[in-house]
Amino acid sequence: MTSDPSSRARTATRYILVVHIARCMQFLFTTEGWCRRMGLAASRRMLARVVVVTALGLAVSCESDNPGPTIAVGAGDSMESNLLAQIYAGALARTGARTSVTADLGSRADYLAALDAGTVTVVGDHSGELLTFLNPDARALEPEVTTDKADKSAPVRLSVTEELNRSLPEGLAVSDPADGTDMRARVLLTEAAGKDVRSLGALAPRCGEIQAGVAPVPGVVQTAGPVRISGCDFAATRPYPDATALRKALLDGEIQAGILAGPPALVPGATDGLTVLADNDYAVRAENVLAVYRKGLLDDRQIKKLNYVSGELTTDDLAEMTRKVGEGAATTEVARTWLDNHAL
């Protein structure tokens, strides 16, 4: 994506002004004799100074508005990753920057390698999955942690964002996480079983007796490995190709629990007739969308713009945009419309 129309209009206006100034200067020098005969040399010199000062001011203004090098925004192979890239590129372009999107870079390892090599400057990801990829031994689960400062003996607990910041390679940073996006896996039960068990915490003591199925959610950013549920180790798990097959297996009694590897909003109908267990204690690690970027290549205004995107983006937004792209809408247009609707 390139600079916005207002930037191009300013450039055109300056070009026209410079042309007029050049013509004025030509007029001043070709009428020098006439000015002397009329005793207007001083006025001519004064006007010339005004013209020169104006030209210098325009030159400085043009220089200050120079958008600088192109900011390349990378994306992996998923539809969500490409959507995020278009959203970030569009948002950054509205700061006056030149932007481009480098799509289909591959897996998380591939687009992080491109980021590390400087091929791209920004990529979108999920906080928890990225932390798991960078630090498999990380223990943080919650998006935010409130510490009791009065209790000096309490062990130090880190939020996912805090531990992620400690785990990032040198030279990389992340934007604020999009709190409105909850991309975690969900655990499903039949409605009958869900009458007695409404949360993952209540299910945990029984996990060792339960066989569970696991199904992917299409189009989302790649998961870093098997879904981890703190305090819940199922007796066995078996894979299913999609949410439809997982739902059927649950309703038919083949399995006693289902794990949907992403938010149900992205798979309409996947939880019909089923109970989605609450996870307010974050037995499944927090997964919020965020931007990962190279330090020193974005200015404060551009970093704030990425944070503004995080402040507006929701799971429902992603589900709606994914649906539109799946129906044939252009990713660039879908992203632009979302930015317009949120005044970004």
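Residues numbered from 1 in each chain as written. Predicted model: local features only at pLDDT ≥ 70, side-chain atom pairs only at ≥ 80, totals over all residues. Heavy atoms only, no water.

Asker: Go over the overall build of the protein chain with me, naming the residues and quoting the values.
Answerer: For the protein chain, the helix and strand inventory stands at 13 helices and 10 strands. Counting across all 344 residues of the protein chain, residues that qualify as buried make up 42%. Residue pairs at least 24 apart in sequence account for 80% of intrachain contacts in the protein chain once pairs closer than 6 positions are excluded. Roughly 18000 Å² of accessible area belongs to the protein chain as shown, and the carbon and sulfur atoms make up 53% of that amount. (Helix = DSSP H or I, 4+ residues; strand = E, 2+ residues; numbered from the N terminus. Buried < 20%, exposed > 50% of the residue type's maximum accessible area, 1.4 Å probe, protein only. Contact = heavy atoms within 4.5 Å. Areas by Shrake-Rupley, 256 points an atom, 1.4 Å probe, with all protein chains shown as cover.)

Asker: Tell me about the state of the cysteines, residues and numbers included.
Answerer: By the definition in use, this model includes one disulfide. With a sulfur-sulfur separation of 1.9 Å, C207 is cross-linked through a disulfide to C232. Judged by the sign of its S-S torsion, about -95°, the cystine formed by C207 and C232 is left-handed. With a gap of 25 residues between them, C207 in the loop between α9 (200-203) and β6 (211-215) and C232 in the loop between β6 and β7 (236-239) connect regions that are remote in the sequence. Comparing C207 with C232, the two get one shared label, buried. (Disulfide = S-S within 2.5 Å.)

Asker: Break down the layout of surface pockets for me, citing the residues and quoting the values.
Answerer: In this approach a probe as big as a water molecule rolls over the atoms, and the regions it shows empty are the leftover space. Considered as a void within the structure, the second largest pocket measures approximately 420 Å³ in volume. Along the wall of the second largest pocket there are 28 residues; nearest its centre are T132, P226, V227, R228 and E287. The element that contributes the greatest number of residues to the lining of the second largest pocket is helix α6 (residues 127-134), accounting for three residues. Of the residues assigned to the lining of the second largest pocket, the class counts are 14 nonpolar, eight polar and six charged. (1 Å grid on protein atoms, 1.4 Å probe; cavity = no way out; pocket = protein on both sides within 12 Å on 5 of 7 lines; lining within 4 Å. Points joined across faces, edges and corners; volume = space filled by probe spheres on them. Nonpolar A, V, L, I, M, F, W, Y, C, P; charged D, E, K, R; others polar.)

Asker: Summarise the packing of helix α4 (residues 79-93) against helix α12 (residues 315-326); cite the residues concerned and give the values.
Answerer: At a closest axis distance of 10 Å, the pairing of α4 and α12 adopts a crossing angle of 105°. Overall, the two elements α4 and α12 adopt an arrangement that is roughly perpendicular. For the pair formed by α4 and α12, the contact residues are M79, E80, L83, L84 and I87 on the first element and L318, M321, T322, V325 and G326 on the second. A class-by-class count of the residues in the contact of α4 with α12 yields seven nonpolar, two polar and one charged. (Axes fitted to C-alpha atoms, helices over the stretch in contact; angles between N-to-C directions. Parallel < 35°, antiparallel > 145°, perpendicular 65-115°, else oblique.)

Asker: Report on the confidence of the model for the protein chain, specifying residues and quantitative values.
Answerer: As a general rule, the predicted coordinates of low-pLDDT regions are not to be interpreted in detail. Mean pLDDT for the protein chain: 84, with 78% of residues reaching 70 or above. Residue range residues 15-21 is modelled with pLDDT below 50. Its contacts to residues more than four positions away, or to other chains, number six contacts. (pLDDT = per-residue confidence, 0-100.)

Asker: Summarise the environment of A278; cite the residues concerned and give the values.
Answerer: By the element assignment, A278 lies in the loop between β9 (274-276) and β10 (289-294). Measuring from C-alpha to C-alpha, the distance between A278 and L200 comes to 6.2 Å, with 78 residues separating the pair along the chain. Not counting residues up to four positions away in its chain, the partners in contact with A278 are R198, S199 and L200.

Asker: So what's going on with the environment of A245? Residues and values would help.
Answerer: Within the element layout of this structure, A245 appears in helix α10 (residues 243-252). Look at A245 and you get partly exposed, because its relative accessible area is 22%. Sequence separation between A245 and A270 is 25 residues, and the spatial gap between their C-alpha atoms is 9.2 Å.

Asker: Can you lay out the sheet that holds strand β3 (residues 122-126) for me, pointing to particular residues and giving the numbers?
Answerer: Strand order in the open sheet formed by five strands is β2-β1-β3-β10-β4, and the pairing between neighbours is mixed. Strands with a single pairing partner mark the edges of an open sheet, and in this sheet they are β2 (99-102) and β4 (172-174). Neighbouring strand axes in the sheet, compared pairwise and without regard to direction, differ in orientation by 30° on average. Contacts from helix α5 (residues 108-117) reach β3, β4 and β10 within the one sheet, and its direction differs from that of β3 by about 145°. (Pairing = 2+ DSSP bridges.)

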